[in-house]
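Here are the chains, one letter per residue:
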Amino acid sequence: MTDTGLKTTASDSFDAFGFIARFAPLIFLLVLMAVFAILEPRFLSSINLFNVMRQVSITGLLAIGMTFVILTAGIDLSIGSLLAFAGLVAAAVAKGGLQDRFTVGDDAVGYGWQLAALAAIAVGLLGGYLQGFAITRLKVPPFVVTLGGMSVFRGAALLFAAGGPISGFDKAFTWWGQGKIGPVPVPVIIFLVCAIIAHIVLRHMRFGRRVYAVGGNPEAARLSGLNVNAITCAVYVIMGFFAGLGAFVLAARLNSAEAVAGTGYELTVIASVVIGGTSLFGGVGTIFGTVVGTILIGVLLNGLVLMNVSSYVQQIIIGVIIVLAVAFDTFAKSRRKRA
Amino acid sequence: MTDTGLKTTASDSFDAFGFIARFAPLIFLLVLMAVFAILEPRFLSSINLFNVMRQVSITGLLAIGMTFVILTAGIDLSIGSLLAFAGLVAAAVAKGGLQDRFTVGDDAVGYGWQLAALAAIAVGLLGGYLQGFAITRLKVPPFVVTLGGMSVFRGAALLFAAGGPISGFDKAFTWWGQGKIGPVPVPVIIFLVCAIIAHIVLRHMRFGRRVYAVGGNPEAARLSGLNVNAITCAVYVIMGFFAGLGAFVLAARLNSAEAVAGTGYELTVIASVVIGGTSLFGGVGTIFGTVVGTILIGVLLNGLVLMNVSSYVQQIIIGVIIVLAVAFDTFAKSRRKRA
Amino acid sequence: MSGISKSFPGVKALENVDFAVGAAEIHAFLGENGAGKSTLLKILSGAQPPDTGTIEFNGQQLVLASPQDAQRHGIVTIYQEFTLAPDMTVAENVFVGREPGSRFFVNHARMENETRNLCKRIGLDRDPATRVRDLSVAEQQMVEIARALSMKSRLIVMDEPTSALSRSEVEKLYLIVRALKAEGISTIFVTHRLEEVFEICDRYTVLRDGRHVGAGRVADTSLEGIIRMMVGRDVGLLAHRQGSTATGEVALEARSLSRRRKATDASAIELHDVSFTVHKGEILGIAGLVGAGRTESARAIFGADLIDSGEVLVGGKPVSIKSPADAIRNGIGLVPEDRKQQALFLGLAIRTNLSMAAHDRISSWGSFISTSKEKALVEDFRKALNIRMASGDQLVGNLSGGNQQKVVLARWLALRPSVLIVDEPTRGIDVGAKVEVHNLLIEMAKSGIAIIVISSELPEIMALSDRIVTMREGRVTGEVPGPGTSQEQLMTLMTLSTPKAA
Amino acid sequence: ADKILASVPGLSFPFFVHMMNAFKAEIAKQGYEAVESDGQVSSPKQTADVEAAIAQGVKGIVISPNEVDAMAPALEQAVEAGIPVVTVDRRVPSVEGILAHIGADNVKGGEAQANLIVSLFPDGATIVNLQGQPGASPAIDRNKGLHNVLDGMADKYKIVFEQTANFARDKGLSVTEAALSGLAEAPKVIVAANDDMALGAMEAVKARGLSGIVIIGFDALPEALAQVRDGGLTATIEQFPGQQSALGVQTLTAFLKDGTKPAEKVLLLTPVAITKDNLNTAERLGEVK
Ligand SMILES: Nc1ncnc2c1ncn2[C@@H]1O[C@H](COP(=O)(O)OP(=O)(O)OP(=O)(O)O)[C@@H](O)[C@H]1O
Ligand SMILES: Nc1ncnc2c1ncn2[C@@H]1O[C@H](COP(=O)(O)OP(=O)(O)OP(=O)(O)O)[C@@H](O)[C@H]1O
Ligand SMILES: [Mg+2]
Ligand SMILES: [Mg+2]
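Note that the structure is a prediction, hence the values are computed from the model and not measured. For every chain, the first residue of the written sequence is number 1, and numbering continues from 1 along that sequence. Think of it this way: whatever chain is written first is A, whatever ligand is written first is 1, and the rest follow in order. Restriction of local features to residues with pLDDT of at least 70 applies here, the model being predicted, together with a cutoff of 80 or more for giving and counting side-chain atom pairs; totals for whole chains, interfaces and linings are based on all residues. Only hydrogens and water are set aside when side-chain values are computed; all heavy atoms of the structure are taken into account.

1. Considering the overall build of chain A
Inference 1: Scanning chain A from N- to C-terminus turns up 14 helices and 4 strands.
Inference 2: Burial status follows relative accessibility: with a 1.4 Å probe on protein chains alone, a residue under 20% of its type maximum counts as buried, one over 50% as exposed, and anything between as partly exposed. Across the 339 residues in chain A, those meeting the buried criterion constitute 65%.
Inference 3: Only the protein chains shown count as cover for residues, with accessible areas throughout obtained via the Shrake-Rupley method and a probe of 1.4 Å. Accessible area for chain A stands at about 11,300 Å²; split by element, carbon and sulfur atoms hold 72% of it. We count a stretch as a helix when DSSP gives it H or I for four or more residues in a row; a strand needs E for two or more, and each element gets its number in order from the N terminus.

2. Some remarks on the environment of Ile227(C)
All names here are of chain C.
Inference 1: Positionally, Ile-227 belongs in helix α8 (residues 223-231).
Inference 2: Taking the relative accessible area as the measure of exposure, Ile-227 reaches 2% and is therefore buried.
Inference 3: For the pair Ile-227 and Val-431, spaced 204 residues apart in sequence, the C-alpha to C-alpha distance is 7.6 Å.

3. Remarks on the coordination of the magnesium ion (ligand 4)
Inference 1: Coordination of the magnesium ion (ligand 4) by the protein involves Thr295(C) (OG1) and Glu337(C) (OE), with metal-donor separations of 1.7 to 2.5 Å. Placement of the pair is Thr295(C) in helix α9 (residues 294-302) and Glu337(C) in the loop between β16 (332-335) and α11 (339-343), with a sequence separation of 42 residues. Nitrogen, oxygen and sulfur within 2.8 Å of a metal are treated as its donors, or within 3.2 Å for sodium, potassium and calcium (Na, K, Ca); water is not counted, so a site can appear incomplete.

4. Looking at the interface of chain C and chain B
Inference 1: Residue contacts are defined here by distance: any two heavy atoms, one from each residue, within 4.5 Å place the two residues in contact. Each partner contributes residues to the interface: chain C has 49 residues there, and chain B has 32 residues.
Inference 2: Here chain C packs against chain B, burying approximately 3,300 Å² in sum over the two surfaces, 56% of which is carbon and sulfur.
Inference 3: By salt bridge we mean one thing: a side-chain nitrogen of Lys or Arg within 4 Å of a carboxyl oxygen of Asp or Glu. The interface formed by chain C and chain B contains 2 salt bridges.
Inference 4: Taking the shortest distance from any N to any O, the salt bridge between Glu219(B) and Arg299(C) comes out at 3.9 Å.
Inference 5: Side-chain atoms alone can form a polar contact between residues adjacent in sequence; in general such a contact is a pair of N or O atoms within 3.5 Å, and within protein one must be able to donate a hydrogen while the other accepts it. Where chain C touches chain B, the interface holds 9 residue pairs in polar contact (both at pLDDT 80 or more). Once two parts are brought into contact, the accessible area they lose, counted with a 1.4 Å probe and summed over both, makes up the buried area.

5. Digging into the sheet that holds strand β9 (residues 214-216) of chain D
Residue and element names in this part refer to chain D.
Inference 1: Here we have 4 strands laid out as an open sheet, ordered β7-β6-β8-β9, and parallel in their pairing. The outermost strands of the open sheet, each flanked by one partner alone, are β7 (157-164) and β9. Strand-to-strand twist in this sheet, taken as the mean axis angle between neighbours without regard to direction, amounts to 15°.
Inference 2: A pair of strands counts as paired when DSSP detects no fewer than two bridges linking them. Across 4 bridges, the pairing between strand β6 (residues 125-131) and strand β8 (residues 189-192) is parallel. Bridge assignment links Val-128 to a residue of β8, and that residue is Ile-190.
Inference 3: Its contacts with the sheet place helix α6 (residues 169-182) against β6, β7 and β8, and it is angled at close to 135° to β7. Note on geometry: axes are lines fitted to C-alpha atoms, helical ones only across the stretch in contact, with angles between N-to-C directions running from 0 to 180 degrees.

6. Looking at the coordination of the magnesium ion (ligand 3)
Residue and element names in this part refer to chain C.
Inference 1: Looking at the magnesium ion (ligand 3), the protein donor atoms are Ser-38 (OG) and Gln-80 (OE1), and they sit 1.9 to 2.0 Å from it. With a gap of 42 residues between them, Ser-38 in helix α1 (residues 37-44) and Gln-80 in the loop between β6 (75-78) and α3 (90-95) connect regions that are remote in the sequence.
Inference 2: The class for Ser-38 is buried, based on a relative accessible area of 18%.

7. Topic: the pattern of salt bridges
Residue and element names in this part refer to chain C.
Inference 1: Enumeration over the complete set of coordinates arrives at 56 salt bridges over all chains.
Inference 2: We note a salt bridge from Lys-280 to Glu-249, for which the minimum N-O separation is 2.9 Å. Taken together, the residues Lys-280 in the loop between β12 (271-279) and β13 (283-288) and Glu-249 in the loop between α8 and β11 (250-259) connect sequence positions 31 residues apart.
Inference 3: Owing to a relative accessible area of 47%, Glu-249 belongs among the partly exposed residues under this scheme.

8. Structural notes on the packing of aromatic side chains
Inference 1: Put simply, two rings from Phe, Tyr or Trp (the six-membered ring, in Trp's case) pair if the centres are within 6.5 Å, and we call them stacked under 30 degrees between planes, edge-to-face over 60, tilted for the rest. Evaluation of the coordinates by the stated rule reveals 27 aromatic pairs over all chains.
Inference 2: On the basis of an interplanar angle of 85° and a centroid distance of 6.2 Å, the ring pair of Phe23(A) and Phe288(A) is categorised as edge-to-face. Residue Phe23(A) is found in helix α2 (residues 16-39), and its partner Phe288(A) is found in helix α13 (residues 287-306); the two are separated by 265 residues along the sequence.
Inference 3: Look at Phe288(A) and you get partly exposed, because its relative accessible area is 40%.
Inference 4: A ring pair is formed by Phe15(D) and Phe16(D), whose centres lie 5.1 Å apart and whose planes are at 85°; its orientation type is edge-to-face. The residues Phe15(D) and Phe16(D) share a single accessibility class, namely buried.
Inference 5: Members of the aromatic cluster, each reached through a chain of ring pairs, are Trp113(A), Phe169(A), Phe173(A), Trp175(A), Trp176(A) and Phe248(A).
Inference 6: The residue whose ring lies beneath Arg142(D) is Phe218(D), and the NZ or CZ to ring-centre distance is 3.8 Å. Remark: a charge is flagged as sitting over a ring if the NZ atom of Lys or the CZ atom of Arg is within 6 Å of the ring centre and within 35 degrees of the ring normal.

9. Remarks on the side chain of Asp76(B)
All names here are of chain B.
Inference 1: Mapped onto the elements of the fold, Asp-76 is located in the loop between α3 (46-71) and α4 (79-95).
Inference 2: The buried charged residue Asp-76 lacks any salt bridge, with Arg-154 as its nearest oppositely charged partner at 11 Å.
Inference 3: When neighbours within four sequence positions are excluded, Asp-76 is seen to be in contact with Met-66, Val-69, Gln-131, Thr-146, Tyr-236, Met-239, Glu-266 and Ile-270. By the counting rule applied here, Lys and Arg register as positive and Asp and Glu as negative, while His and the ends of each chain are not counted.

10. Considering the domain arrangement of chain C
All names here are of chain C.
Inference 1: Domains are outlined according to an automatic or database domain assignment. Under the domain assignment used here, chain C contains domain 1 (2-231), domain 2 (237-331 + 417-502) and domain 3 (342-416).
Inference 2: Here the C-alpha centroids of domain 1 and domain 2 sit 32 Å apart.
Inference 3: On the domain 2 side, the residues contacting the 24 residues of domain 1 number 13 residues.
Inference 4: Overall, the association of domain 1 and domain 2 removes approximately 1,500 Å² of surface from exposure, summing both partners, and the carbon and sulfur fraction of that is 60%.
Inference 5: Taken together, domain 1 and domain 2 are joined by 1 salt bridge.
Inference 6: Residues Glu-457 and Arg-193 are paired through a salt bridge, measuring 3.6 Å at the closest nitrogen-oxygen approach.

11. Points about a nonpolar patch on the surface
Inference 1: Patch members must show over 30% relative accessible area and no salt bridge, and they are joined within 9 Å when carrying like charges or within 5 Å when they are nonpolar side chains of Val, Leu, Ile, Met, Phe, Trp or Tyr. The grouping of Val31(A), Val35(A), Ile38(A) and Leu39(A) at the surface amounts to a nonpolar patch, some 390 Å² of accessible area in total.
Inference 2: Tracing the backbone shows Ile38(A) in helix α2.

12. Concerning α8(C)
Residues and elements named next belong to chain C.
Inference 1: Regarding α8, the residues found buried are Leu-223, Gly-225, Ile-226, Ile-227, Met-230 and Val-231.
Inference 2: If you follow the buried residues of α8, they end up packed against β3 (26-31), α7 (194-200), β9 (203-208) and α15 (431-446).
Inference 3: Trailing α8 by a residue or two, Gly-232 shows a phi angle of about 90°, which is positive.

13. Concerning the arrangement of the chains
Inference 1: Sorting the 5 pairs of chains in contact by contact count puts chains B and C at the top.
Inference 2: Structurally, chain C and chain D remain out of contact, their C-alpha atoms never closer than 38 Å.

14. Details of the sheet that holds β13(C)
Residues and elements named next belong to chain C.
Inference 1: The strand order across the open sheet formed by 6 strands is β16-β19-β20-β13-β21-β22, and the pairing between neighbours is mixed. Either end of the sheet is taken by a strand with one partner, and the two such strands are β16 and β22 (475-481). Across the sheet, the mean angle separating the axes of adjacent strands is 20° when strand polarity is ignored.
Inference 2: With 4 bridges joining them, β16 and strand β19 (residues 419-423) adopt parallel strand pairing. Pairing of Val-335 across the sheet is with Val-422, part of β19.
Inference 3: Along the sheet, α9 makes contact with β13, β16, β19, β20 (450-454) and β21 (467-472), crossing β16 at roughly 145°.
Inference 4: Taken strand by strand, helix α17 (residues 487-495) contacts β13, β21 and β22, and its axis lies near 35° from that of β21.

What follows is the structure in structure tokens.
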């Protein structure tokens, strides 16, 4: 926990190193944004900034769940597949089955967005629970379980929809992905509200403190009377919840669900969380950092596209910047190491 | 001091649990093969078994390198991309440039397979070294560095060949992927020879000892006078070597190199290594296990295709079996744990 | 507790053990390394289930399925292995799982306040918001104690609470334990420093090879009697040197080692002009309270931590040491204070552990390890150090603490160093093994090696050393000859704040 | 029944799912048993499947190769083993003994997209080009076709923005969003290398409330056809995958049954741009409700 950083700052004079260490990802993000703003003034237009926020909102939701997982020193590679599966189920519910898969517009029959959202989240929770179960009961490392899950859920998604997409929802459904409240896109609001709740849970609630304890030293947590298995399992269920919610929002945004959705999300999301300062070894990290990390990746993708950089070169730049961002964070933290 | 516990291993009768624990992956593989053989007798035909071996030889080469990496508690996600990049460079060397990319057959001008192989390996070594450097000097976790590398090398591969494939090599080149010595395909021989050498290095050479030590307890290794950074870096260089060698063999086998080659290999390869009993936490594992794990995944893919299982269902089965294989290994080891 | 048995695969850790603790008593629980003490206490605290046997507490039969169960009944445990989360704060560690606050929410301010009060009580002078990672081993031990005290208890189980503490902290702990006793709370106290038994305990129980071998009132027994019960034969408490083997030849000299506190590394211990010399065949003791900078000095000489200024001379010649590998090349070895974290590869074989620093000696054709040479090496040391093990292929993690320590010592002896620094060489080691380690150090000195012993146990330092250097807060505060100096004299020097010439 | 291997590059793409279904239907109709192979967008995987099929003793192979050069050695092996091979959609010119090829060249498809743009905007247009997955052969070919035509008239037809959207709908959406905010003026045309990206782009255009932008997809998936009908998309490219597949199987089984060799070794269907006007020529219109 970075509470330490606070106290030192409080006393003494201003602790520059502590400050930089604490906000390293944010500083990195601001520098990056400044660079983009100079190279391409349109980058800072409000419409583009809202674009960025809307684009990151789905991976952002996943990253919130992933923060819980990584805080316990776990990892979840299955999220992209689970998202695809949950999205297809939600779409099928919204369309009232798999028959009228391509009806367009409001004339679609079905069960409404409420049931669709519930279905997506239910699939997510169930998928998360199954994986949590395998991790805690079969004692298989999370990397392996979720690697298996990645394959299983993708297969399930393809099987469920026979490989094809399902699209064309009613306005009430798509509002969740395409609508706005005032100038702010709905997915952005969902993302930020979830982030605030997750922040409160991790910072101020018993459950959150226990997540840190389990990640910090699982044996100690057990001997302190924590139910380590239950907490570990819960964390994957939470991840599943966000995969389901993300699936619903994505389907609403694209007005369609397909079996290949979310391919490769796991790495983007893990990168977001780690760039935000969460340690892959567990026990260290914040939701604030994750939000910053998510936006950083979004800014990177958007800025490079906006500048119409060749997509080959983009990949090289993105790879380098991910490493540099984490290196900067590590360096800043090592500077104040034992403070 | 109670010497209890000790005596049991040394003397006594046959230790069934110890045996099962030691050979759990092999036992799992044999059971799987027996099941396939019953369901589809053609599975055991020598031509099919050689097929399986040839098919796994390239991921097998990568898995050997990955074993070194994982033994130090590291991970390498970049191998697929690095393989693609190295393969294209080798292909360009073999063709004498990027002009005659699609000339077919022996009339191609170029520098011969020797230089091509060297080029592939040189690219692999360099890529591995750069990543090892970032891990040891910038102190960025291997997961992040190689995630960055994954993006960088893929971008480099695309940029190098402007996105397109390079194909059509001379017979001497393709022999390395398509040829046979007696009934045994050349890639299989390369794979097995490399496995034997790697086994000797890990088991009987100082360097191997040190790899285990670094993975087992890096702080103790440092205080025992080992150069932990050098060993860690070396491990990524070795991984790079195998990525380069694998790239060369793959290009020879497909008679072409493309920028999208190796996509997703990292997960298959890591799964092979882990199924073989190597611990993701470092310090525990063998090349023998890795070979078994690699073959297990190959058998799974081959057997399911042979039985004409729907590809969607295949993905589900593969995911489940990966988890079960590791669960079996974990269970077997927990049974004898400290005996 | 009666009729308790517990087996691990291949080990029978406890066999039909009976164990009883009265109300308001301080009970010493004794036995050699691996006798089964921790195992029994883990059963009592609900961390492990027994195979057979029953637990009765205040006349009530208990079935403990988890640590929570035990805590509910007022049984509170300080485990032997640290159970702290390094990246959480002191306050969070103290209250983990029992955070004050409402049903769902944690009240951070209250938690820190309560922690501050507890820390004051046990003499831990640290902000409750400090990360545990930044504490020394001793301070971490005190956090464990604070956590135990924060729980409502009727019985406190302390598994080797003093092994990482020096005298003054131990005294504070005594006060607390006595105060608890006055409130009617019993304590089970495990220690390998047997003098502590006579200082504080009322009754004792001794375990040997997982079997109950004796119990009674401390007042009715003697040190020799207890040792005989534990070991099954007579052993002295400490080895005594038969005269010095020191030569006049300087083996190693540390000159003005200094390390400044940096803004970026505020809690690191400072060193101020630390200088001392050690001669061939000599045993130099370094004494000091927790945080005196002894470990820091040793690590600096060994190249494990970098210093700002100062130099190290080996055999009179200045050498540049930037890493442990450099130190080894110059003939310096270090047995670190934390066996498990800093020295052992618990998942590897004894053979591999032992030869780790001496690959040159067991190689053939350059870089191949010769298994036969390695086995011979292990066999030599097994005999020389009397290491009790079944074979060199056994995992080192399965050895008892004392034998693990001998393997670490063997690792350094295999290198044939000219200077060996041993930091807390007998921490957590039982009496029998302790004497063996002492004799070993004496033998090494006899063979001409210069030895620096760092220990928080004054009797140990006094019994072994030719000369003793005392330190406090990163400064050398004095130097006295080993034989003939009293414990009081040493304590005075260790608590001096300004250096005084000896 | 005798077995025939039916192999496609990847069953996670609806286009190839349709192709596979057509293969299987026709194979069953001809009285054979289909062995299904999903290349999973990986040449080594598809190679392995072909090898497994040879070991298994299939009588014939009908395949759409993941990558034409990389699949050549495997098909060579099949030919050497005396197994007739018919390629569909993507041709492998380097293997001599292939019985027949039936396809609608992706390069031609790209050209069809470009020609449509030229005919819709004779006076020139600004174009946003969404490319497929970098390095994948259909992405390369379709892009090449587009440029073949447009590069010759670069003064009139300006590609103002060109980025990959990885064949994925969410990428199509986000890249188009970025393009629209990055460009000073909305483009006249958005052309995408598959329908998924086009549909994503369509959502982005809708969200910006822009109208009159011509969006052209590729593949003629039912979903895209529905959008062409309803005006969301302007056009998509029909390559008649079902027809190709059925023809491929027929050619193969005719040979298997009595040794009939196809009249032409290479049969190319011309890709057609489907707009509202010729919607009824689309193969999968029946699947659209
Ligand atoms: N989890 C375990 N699995 C297998 N064996 C174990 C386990 N825990 C303890 N043992 C074995 O049980 C025996 C008793 O160990 P225990 O830790 O109780 O000893 P101890 O008396 O506390 O020793 P020490 O003084 O060194 O702390 C030892 O032989 C030990 O190796
Ligand atoms: N750079 C460092 N990295 C990790 N741990 C350190 C470092 N410096 C000191 N320590 C740890 O901090 C503690 C205090 O070290 P120091 O050398 O001051 O104490 P000491 O005099 O040896 O006292 P004691 O060993 O009794 O704690 C030791 O446990 C040491 O291991
Ligand atoms: Mg113990
Ligand atoms: Mg110390």
